[in-house]
Amino acid sequence: MRHLHAGQPLVTDEELDALIGENEAFYTNTDVGFKYRNLFLLVVVISQAVKLLFFSHLTVGNFKLGALDPQAFERYLVFRAGFIMAISAFYLFSYLKNWYFEKVSLLYVGIAITALVMDYFNAYVYLSESPAQWMTGLIALRFMAVFCLLMNAWNAQRAPAMPRSLWS
């Protein structure tokens, strides 16, 4: 049986470019949720840092410290805010410059989980019996942030192509 169009492609180059242009994220294997997770993580980091730096005295009110010094606990919260900002800046630098981002994102997941466990033993065990609802919400927010970090680390190879911006 003889084919009339055996030497001709089924799709022209212009048609193929148009198809790829419409679904570029699908064909380039880019994780389209990356920018939304990064935006969520940025909001969480800013809210946690502001809460711990500027409103640490209000945060201390949600805890039953007993024999613990409230001033020392407030300094601990300020230290945590500084740590959050420093490690987040390192993560952001690694993402924007593509500087070992796969390894840094995996390291950051480990640090976030360790920090959550550390905060449980150093802070959350002292929560009053009826903490404010927003405090419970902030703990849930941290769990969601750890999940987003895990997803970013899992899909680090599929991060948007360079040059990256904060919202890419």
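This text goes with the structure placed above it.
Residue numbers run consecutively from 1 along every chain, following the written order of its sequence. This being a predicted model, a pLDDT of at least 70 is required before a residue's local features are given, and a value of 80 or more before pairs of side-chain atoms are given or counted; all residues contribute to the totals for chains, interfaces and linings. Working from all heavy atoms in the structure, the side-chain values ignore hydrogens and water.

## Focus: the packing of helix α3 (residues 34-54) against helix α5 (residues 70-97)
In helix packing, the relevant descriptors are the interaxial angle and the interaxial distance, both defined with respect to the helix axes.
Thought 1: Interaxial angle, 0 to 180 degrees, is taken between N-to-C directions of lines fitted to C-alpha atoms, where a helix line uses only the stretch in contact. Where helices and strands are cited, they refer to DSSP runs of H or I of at least four residues and of E of at least two residues respectively, numbered from the N terminus. As a packed pair, α3 and α5 sit with axes 8 Å apart at the nearest point and diverge in direction by 155 degrees. The angle between α3 and α5 places the two elements in the roughly antiparallel class. Note on packing geometry: the crossing formed by α3 with α5 is left-handed. Taken together, the residues of α5 that come into contact with α3 (itself represented by Phe34, Asn38, Val45, Gln48, Ala49, Leu52 and Leu53) are Leu77, Val78, Arg80, Ala81, Ile84, Met85, Ser88, Tyr91 and Tyr95.
Thought 2: Throughout this entry, Asp, Glu, Lys and Arg are counted as charged residues, while Ala, Val, Leu, Ile, Met, Phe, Trp, Tyr, Cys and Pro are counted as nonpolar. The remaining residues, Gly among them, count as polar. Classifying every residue of the contact of α3 with α5 by side-chain character gives 12 nonpolar, three polar and one charged. What sets the label is the angle itself: under 35 degrees gives roughly parallel, over 145 gives roughly antiparallel, 65 to 115 gives roughly perpendicular, and the rest give oblique. Definitions for this section: a left-handed crossing has its near helix turned counterclockwise from the far helix by less than a right angle. A right-handed crossing has that turn clockwise. The contact definition used throughout considers only heavy atoms, calling two residues in contact when any of these lie within 4.5 Å.

## Topic: the side chain of Asp31
Thought 1: Following the sequence through the fold, Asp31 ends up in the loop between α2 (24-28) and α3.
Thought 2: Under the relative-accessibility criterion, Asp31 is labelled buried at 9%.
Thought 3: For this analysis, a polar contact is any N or O atom pair within 3.5 Å, provided that within protein one partner can donate a hydrogen and the other can accept it, and provided that sequence-adjacent residues contribute only side-chain to side-chain pairs. At 3.2 Å, the side chain of Asp31 forms a polar contact with the backbone nitrogen of Gly33.
Thought 4: Those residues in contact with Asp31 that sit more than four places away from it in its chain are Arg37, Asn155 and Arg158. Burial status follows relative accessibility: with a 1.4 Å probe on protein chains alone, a residue under 20% of its type maximum counts as buried, one over 50% as exposed, and anything between as partly exposed.

## Section: α5
Thought 1: With 28 residues, α5 ought to run about 40 Å at 1.5 Å a step, and its terminal C-alpha atoms sit 41 Å apart, in line with that.
Thought 2: Taken residue by residue, α5 has Phe73, Tyr76, Leu77, Arg80, Ala81, Ile84, Ile87, Ser88, Tyr91, Ser94 and Tyr95 as its buried positions.
Thought 3: Backbone geometry just downstream of α5 places Asn98 in the positive-phi region, at approximately 55 degrees. To estimate how far a helix should reach, multiply one less than its number of residues by 1.5 Å.

## Here we look at the pattern of salt bridges
Thought 1: Any Lys or Arg side-chain nitrogen found within 4 Å of a carboxyl oxygen on Asp or Glu counts as a salt bridge. Evaluated as defined, the whole model comprises three salt bridges.
Thought 2: Here Asp31 and Arg37 are joined by a salt bridge, their closest N and O atoms 2.3 Å apart. Neither residue differs from the other here; Asp31 and Arg37 are each classed as buried.
Thought 3: A salt bridge links Arg80 to Asp119; the nearest nitrogen and oxygen atoms lie 3.0 Å apart. Of this pair, Arg80 sits in helix α5 while Asp119 sits in helix α6 (residues 101-122); the two residues are 39 residues apart in sequence, bridging distant segments of the chain. For the pair formed by Arg80 and Asp119, the shared burial category is buried.
Thought 4: Within this structure, Arg80, Asp119 and Arg142 form a network of salt bridges that share partners.

## Points about the nonpolar core
Thought 1: By convention a nonpolar core is built from buried Ala, Val, Leu, Ile, Met, Phe, Trp, Tyr and Cys residues, the set being connected through side-chain atoms within 4.5 Å. With 20 residues, the main nonpolar core has Phe34, Leu41, Tyr91, Tyr95, Phe101, Tyr108 and Leu149 as its most contacted residues.
Thought 2: Counting only elements with at least two residues in this core, the list comes to α3, α5, α6 and α7 (133-154).
Thought 3: No other element matches the seven residues that α7 contributes to this core.
Thought 4: Ignoring sequence-local partners within four residues, the contact set of Phe101 consists of Phe34, Tyr91, Ser94, Tyr95, Ala156 and Arg164.
Thought 5: Among the nonpolar cores identified, the runner-up in size contains 16 residues, and Val45, Tyr76, Leu116 and Ile139 belong to it.

## A short note on the environment of Leu138
Thought 1: As for its placement among the helices and strands, Leu138 is situated in helix α7.
Thought 2: A sequence separation of 90 residues divides Leu138 from Gln48, and the C-alpha atoms of the two residues are 8.4 Å apart.
Thought 3: If near-sequence neighbours (up to four positions away) are discounted, Leu138 is found in contact with Gln48 and Lys51.

## Some remarks on the packing of aromatic side chains
Thought 1: Geometry of aromatic contacts follows a simple scheme: Phe, Tyr and Trp rings, the Trp one being its six-membered ring, pair when their centres are within 6.5 Å, and the pair is stacked under 30 degrees between planes, edge-to-face over 60, tilted otherwise. The final tally for this structure, using the stated rule, is nine aromatic pairs.
Thought 2: Plain terms: the ring middles of Phe34 and Tyr95 are 5.7 Å apart, the flat faces sit at 15 degrees to each other, and that makes the pair stacked. Note that Phe34 is positioned in helix α3 and Tyr95 in helix α5, a separation of 61 residues in sequence.
Thought 3: The exposure class of Phe34 is buried, given its relative accessible area of 0%.
Thought 4: What links up through ring pairs into an aromatic cluster is the set Phe34, Tyr91, Tyr95, Phe101 and Tyr108.

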